[in-house]
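Below are the chains, spelled out letter by letter.
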Amino acid sequence: QVQLVESGGGLVQAGGSLRLSCTASGSILRVNRMGWYRQVPGKQRELVAAITSGGTTNYADSVKGRFTISGDSTKKTVYLQMSSLKPEDTAVYYCNLNIRVWVDVPSRDYWGQGTQVTVSS
């Protein structure tokens, strides 16, 4: 019954900023790594940014220096601050959380429903 709810997508002009949020709820023992992916029609979903429970982050080369991922373990929420947005950032963005629900069952990935980010010229 784990549910992920995303918010923050929208339409923005090139050079603008947006902040995406994703909150998980339900029966959760532990949240491991958290991340954001994006997908454009006709292309595979790609990793944008990820963060571990310890705070270690990594980013796709295309967004380094422009995007910042952060998380709040208490709120079980992951954020993606996007700045200096470019038209090529236009995509559906999905949050992903690796979550352990039961002690004796391996962790698995859970996905948000996706939020559209459109960057105009």
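Everything discussed here concerns the structure shown above.
Rules used in this analysis
Residues numbered from 1 in each chain as written. Predicted model: local features only at pLDDT ≥ 70, side-chain atom pairs only at ≥ 80, totals over all residues. Heavy atoms only, no water. Disulfide = S-S within 2.5 Å. Helix = DSSP H or I, 4+ residues; strand = E, 2+ residues; numbered from the N terminus. Buried < 20%, exposed > 50% of the residue type's maximum accessible area, 1.4 Å probe, protein only. Salt bridge = Lys/Arg side-chain N within 4 Å of Asp/Glu carboxyl O. Pairing = 2+ DSSP bridges. Axes fitted to C-alpha atoms, helices over the stretch in contact; angles between N-to-C directions.

**Q** Mind laying out the state of the cysteines, listing which residues take part and the relevant values?
**A** Within this structure, the stated rule accounts for one disulfide. Disulfide partner of C22: C95, at an S-S distance of 2.0 Å. Its torsion about the S-S bond being 50 degrees, the disulfide of C22 and C95 is classed as right-handed. Taken together, the residues C22 in strand β3 (residues 18-25) and C95 in strand β9 (residues 91-100) connect sequence positions 73 residues apart. For the residue pair C22 and C95, the accessibility class agrees, reading buried in each case.

**Q** Describe the pattern of salt bridges, listing the residues and the values that go with them.
**A** Inspection of every chain in the model, using the stated rule, returns five salt bridges. Where R33 meets D109, a salt bridge forms, and the shortest distance between an N and an O atom there is 3.8 Å. With R33 in strand β4 (residues 30-39) and D109 in strand β10 (residues 108-111), the pair connects residues that are 76 residues apart, well separated along the chain. Using a relative accessible area of 28% as the deciding quantity, one classes D109 as partly exposed. In this structure, D89 and R38 form a salt bridge, with 3.0 Å as the shortest nitrogen-oxygen distance. Separated by 51 residues along the polypeptide, D89 in the loop between β8 (77-82) and β9 and R38 in strand β4 bring together distant segments of the chain. With relative accessibility at 1%, the residue D89 sits in the buried group. Given a relative accessible area of 7%, R38 falls into the buried group.

**Q** A description of the sheet that holds β3 should follow, citing residues and the corresponding values.
**A** Taken in spatial order, the four strands make up an open sheet running β1-β3-β8-β7, and their pairing is antiparallel. Edge positions in the sheet fall to β1 (3-7) and β7 (67-72), since each has one partner strand and no second. On average, each strand axis in the sheet is tilted by 15 degrees relative to the strand beside it, whichever way the strands run. Here β3 pairs with β8 via six bridges, running antiparallel. Paired with S21 across the bridge in β8 is Y79.

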